[in-house]
Amino acid sequence: PAPFAKRADPQEWLDPMMKIHMFHPTSEACCVAVYRGGSGCRVYDRGCDIVVNLNDEPVTPPPTPPPLNRNCVIPGWHADMSGARDGCTNDENFPEDWLKSDIKSTMFFPTSQQCCDFFFKGVNCKVYERGCRIDASLIDGECDGDVFTPDQKAGHDGCTNDAKYPKSWEGNSDYIFKTAAACCAKHHKNGRCGVRDGCTNNVAYL
């Protein structure tokens, strides 16, 4: 239990002499101060923005994030092509070829979660909310994949989820991957990797 025998009225917590003891910049600091080291301290993140102003100094509010670019409409969330390429985003930075009708349904998804599940299933997927308005009606259907392997189809140099691979690969983490990105990173780390969707035979490049 907290070391206060009587719960203070919340209004009293705002008194300058008491405020510095009752409010803390992080949950960890609060637990350490109130629960003598943090043991048994539960954290309830209920949603208010934190403004640290323990000394009654002027506070500059954080900048308001820019609004979504409503002039930009895209078919859905897609693999991020900026920086580390470690997640999904809703920006306009993607190859124009992805808009071709024969591959669009394998590159864009109505939600960031669906995008992450397809490209980064089983690994950490970061979501970058950068600004375009999503119109999922622009996607020409859906086709879900499974595990990804190096592509064995003649003329294709990349990865696929067509499930046509040697039985000797079963259970081998060097050849069986949960995501196209992981397969490409292992077998095509020095160049573009063509990802062929086993449902449609469409190829997109990572």
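Note that the structure is a prediction, hence the values are computed from the model and not measured.

Scoring rules and cut-offs
- Here the residue index of a chain counts from 1 through its sequence in written order.
- Reporting of local features is limited, given that this is a predicted model, to residues whose pLDDT is at least 70; pairs of side-chain atoms are given and counted only at 80 or more, and all residues count toward the totals for whole chains, interfaces and linings.
- Calculated side-chain values reflect all of the structure's heavy atoms, with hydrogen atoms and water omitted.
- Each helix corresponds to a stretch of at least 4 residues labelled H or I by DSSP, and each strand to a stretch of at least 2 residues labelled E; elements are numbered beginning at the N terminus.
- Throughout, exposure labels follow a simple rule: accessible area from a 1.4 Å probe, protein chains only, divided by the maximum for the residue type, with under 20% read as buried, over 50% as exposed, and the rest as partly exposed.
- By the convention used here, residues are in contact when the closest approach between their heavy atoms is within 4.5 Å.
- Definition of nonpolar core: a set of buried residues of the types Ala, Val, Leu, Ile, Met, Phe, Trp, Tyr and Cys, connected through side-chain atoms within 4.5 Å.
- A pair of strands counts as paired when DSSP detects no fewer than two bridges linking them.
- Polar contacts, as counted here, are pairs of nitrogen or oxygen atoms within 3.5 Å of one another; within protein the pair requires one atom able to donate a hydrogen and one able to accept it, and residues that are adjacent in sequence qualify only if both atoms are side-chain atoms.
- An arc is given here, and it is the one of the directions from the helix axis to the C-beta atoms.

Novice: Explain the overall build of the chain here, please?
Specialist: Scanning the chain from terminus to terminus reveals 5 helices and 9 strands. Starting at the N terminus and walking to the C terminus, you meet the elements of the chain as α-α-β-β-β-α-α-β-β-β-β-α-β-β. Put simply, the chain has 206 residues, and 32% of those count as buried. Within the chain, contacts between residues at least 6 apart in sequence are counted, and of these 60% link residues at least 24 apart.

Novice: Can you walk me through the nonpolar core in this structure?
Specialist: One broad rule of soluble globular proteins: the nonpolar side chains tend to lie buried together. In this structure, Cys88, Trp98, Met107, Cys115, Phe119, Phe148 and Val195 are the most contacted members of the largest nonpolar core, which totals 28 residues. The set of elements that each furnish at least two residues to this core consists of β1 (69-74), α4 (112-119) and α5 (180-187). In terms of residues, this core owes the most to one element, α4, which gives 4 residues. Look past the residues within four positions of Cys115 in its chain and what remains in contact with it is Trp77, His78, Ala79, Cys88, Phe109 and Phe120.

Novice: In this structure, what is going on with the environment of Thr149? I would like to understand it.
Specialist: Here Thr149 shows up in strand β6 (residues 149-150). As for Thr149 and Ala182, which are separated by 33 residues in sequence, their C-alpha atoms are 9.5 Å apart. Not counting residues within four places of it along the chain, the set of residues in contact with Thr149 comprises Gly158, Cys159, Thr160, Tyr165, Trp169, Tyr175, Ile176 and Cys183.

Novice: Explain the sheet that holds β6 to me, please; I cannot follow it from the model alone.
Specialist: Note: strands within a sheet are paired through backbone hydrogen bonds, in either parallel or antiparallel orientation. Spatial strand order, β6-β7-β8-β9: 4 strands in an open sheet with mixed pairing. The open sheet terminates on both sides in strands that have one partner only, identified here as β6 and β9 (203-205). One ladder, built from 3 bridges, connects strand β8 (residues 194-196) with β9; its direction is antiparallel. From the neighbouring strand, Gly194 faces β9, where its bridge partner is Tyr205.

Novice: How should the side chain of Asp162 be read in this particular structure?
Specialist: You can see Asp162 is positioned in the loop between β7 (158-160) and α5. A distance of 2.9 Å separates a polar atom in the side chain of Asp162 from the backbone nitrogen of Lys164. With near-sequence residues (within four places) excluded, Asp162 lies in contact with Asp151, Arg196 and Gly198.

Novice: Would you mind showing me how to read α4 here?
Specialist: For an α-helix the count is 3.6 residues per turn, leaving residues at separations of three or four pointing the same way. Those residues of α4 not exposed but buried are Ser112, Cys115, Cys116, Phe118 and Phe119. Across the axial projection of α4, the buried residues extend over an arc of 165°, all falling on one side.

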